[in-house]
Amino acid sequence: MTTIASNLQAVRNAMATTAAEIGRTPGGVVLLAVSKTFSPAAIREAYHAGQIAFGESYVQEALEKIAALHDLPLEWHFIGPIQSNKTRAIAENFSWVHGVDKLKIAERLSAQRPQNLPPLNVCLQVNVSGEDSKSGVAPDEVDGLAQAVTRLPQLRLRGLMAIPAPSDNVAAQHPPFALLRELRDKLNRQGLSLDTLSMGMSHDFAAAIAEGATIVRVGSAIFGQR
Ligand SMILES: *Cc1c(COP(=O)(O)O)cnc(C)c1O
């Protein structure tokens, strides 16, 4: 087995173990392999080890890889900050966008999503750690943004995403993930049907799964240090 293949296996095993511990079915959590800064060859290797969904953070870099790998049936997720001059490239080339935190950006993505493609799957990024520097909508503003985004025709609002402040203390990793789950549940009680919680990275995906993650975004544990 290659290093990438055995890393993938280890991450999948850890995901399944955590899911089993809390009585969730392993199939309820999707692994998004975060391939930013890694080569098309590394992505190809992961594909041959059974990985289909890949996350990228930089538009130009992603477009080059998408072109180089067009022979593979991959699913591309944009997980980086979204500049308004990049929305067209994102709308045309990705299946999912995880970091939407402004209505203006959502409106552009919807208007620019080609009609011959299915609606773009969207998660709203929430600032669950309350840090000034982080992107993401404030928890008390998610509601209004979610209601507006669900009305956009070429988007499909799937759920919420967060990047909590990193912590090595496992107990401290849980509360921000629990908050994101509670926000999602509240929106669903108000009539939305959000099926996605995009949360958890290499250092904290176990805590995220324990708190209900449905997509974990894992980079370095698969591809190595960046
Ligand atoms: C880079 C990145 C990840 C993956 O981080 P790792 O620590 O390498 O697993 C996940 N989510 C986002 C938004 C990222 O930018």
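What you see is a predicted model, and the numbers here were worked out from it, not measured in a lab.

Undergrad: Looking at this structure, I do not really get the side chain of Glu211. What am I missing?
TA: Take Glu211: it is sitting in the loop between helix H8 (205-210) and strand S8 (215-218). Reaching out from Glu211, the side chain makes a polar contact with the side chain of His174 at a distance of 2.8 Å.

Undergrad: Looking at this structure, how should I read the nonpolar core?
TA: One finds Leu109, Leu124, Leu160, Val216, Ile222 and Phe223 to be the most contacted residues of the largest nonpolar core, which totals 63 residues. Filtering out sequence-adjacent residues up to four positions away, Leu160 remains in contact with Cys123, Leu124, Val126, Val142, Leu180, Leu183, Arg184, Leu187, Thr196, Leu197 and Ser198. Among the nonpolar cores identified, the runner-up in size contains eight residues, and Val34, Ile79, Trp96 and Met161 belong to it.

Undergrad: Could you clarify how one ought to interpret the pattern of salt bridges in this entry?
TA: Where charged atoms of side chains with opposite charge meet at close range, the side chains can pair. This structure, assessed with the given rule, holds seven salt bridges. Put simply, Asp101 and Lys102 hold a salt bridge, and the shortest N to O gap is 3.6 Å. Of the residues examined, Asp101 reaches a relative accessible area of 18% and is grouped as buried. Connected via shared salt-bridge partners are Glu56, Glu61 and Lys65.

Undergrad: Whenever I open this one, helix H1 (residues 3-21) confuses me. Can you help?
TA: Taking 1.5 Å of rise per residue, 19 residues should cover 27 Å, and H1 covers 27 Å from first to last C-alpha, within 8% of that figure. Packing partners of the buried residues in H1 comprise strand S1 (30-34), helix H2 (40-48), H8, S8 and helix H9 (220-223). Once H1 finishes, Gly23 follows within two positions and takes phi at roughly 75 degrees, a positive value.

Undergrad: Would you take a moment to explain the site of the ligand for this structure?
TA: The immediate surroundings of the ligand are formed by 13 residues, with Lys36, Ser202, Gly219, Ser220 and Arg226 found nearest. Here Arg217 contributes a side-chain N or O atom positioned 2.9 Å from a nitrogen atom of the ligand. For the ligand, whose free accessible area comes to 390 Å², the fraction covered by protein is 89%. Taken together, the residues that form the shell around the ligand break down as six nonpolar, four polar and three charged.

Undergrad: Explanation requested: H2 in the structure shown.
TA: By the burial criterion, the buried members of H2 are Ala42, Ile43 and Ala46. The arc that holds the buried residues of H2, viewed along the axis, is 100 degrees, so those residues lie on one side. Pointing more than 90 degrees away from the buried face of H2 are the exposed residues Ala41 and His48. Gly50 lies just past H2 and shows a positive phi near 95 degrees.

Undergrad: So what exactly am I meant to see when it comes to the environment of Asn127 here?
TA: Its place among the elements puts Asn127 in the loop between strand S5 (120-125) and helix H6 (142-149). Residues Asn127 and Ala165, spaced 38 residues apart in sequence, show a C-alpha to C-alpha distance of 9.6 Å. A polar side-chain atom of Asn127 sits 3.4 Å from the main-chain amide nitrogen of Ser129.

Undergrad: So what exactly am I meant to see when it comes to the environment of Arg189 here?
TA: Here Arg189 is to be found in helix H7 (residues 170-189). C-alpha of Arg189 to C-alpha of Pro40: the two residues are 149 residues apart in sequence and 42 Å apart in space.

Undergrad: Would you take a moment to explain the packing of aromatic side chains for this structure?
TA: Aromatic rings considered in pairs are described by the distance between their centres and by the relative angle of their planes. Tallying each qualifying case throughout the model produces three aromatic pairs. With 6.0 Å between their ring centres and 40 degrees between their planes, Phe54 and Trp76 make a pair best called tilted. Taken together, the residues span a long stretch of sequence, with Phe54 in strand S2 (residues 53-56) and Trp76 in strand S3 (residues 75-78) at a distance of 22 residues. Take Phe54 and Trp76: they sit in the same class, and that class is buried. Here the aromatic rings of Phe78 and Phe94 are separated by 5.4 Å at their centres, their planes lie at 75 degrees, and the arrangement is edge-to-face.

Reading the values: the criteria
- Residues numbered from 1 in each chain as written.
- Predicted model: local features only at pLDDT ≥ 70, side-chain atom pairs only at ≥ 80, totals over all residues.
- Heavy atoms only, no water.
- Helix = DSSP H or I, 4+ residues; strand = E, 2+ residues; numbered from the N terminus.
- Polar contact = N/O pair within 3.5 Å; in protein donor to acceptor, adjacent residues only side chain to side chain.
- Core = buried A, V, L, I, M, F, W, Y, C linked by side-chain atoms within 4.5 Å.
- Buried < 20%, exposed > 50% of the residue type's maximum accessible area, 1.4 Å probe, protein only.
- Contact = heavy atoms within 4.5 Å.
- Salt bridge = Lys/Arg side-chain N within 4 Å of Asp/Glu carboxyl O.
- Expected span 1.5 Å × (residues − 1).
- Near = heavy atom within 4 Å.
- Areas by Shrake-Rupley, 256 points an atom, 1.4 Å probe, with all protein chains shown as cover.
- Nonpolar A, V, L, I, M, F, W, Y, C, P; charged D, E, K, R; others polar.
- Arc of directions from axis to C-beta.
- Phe/Tyr/Trp six-rings, centres within 6.5 Å; stacked < 30°, edge-to-face > 60°.

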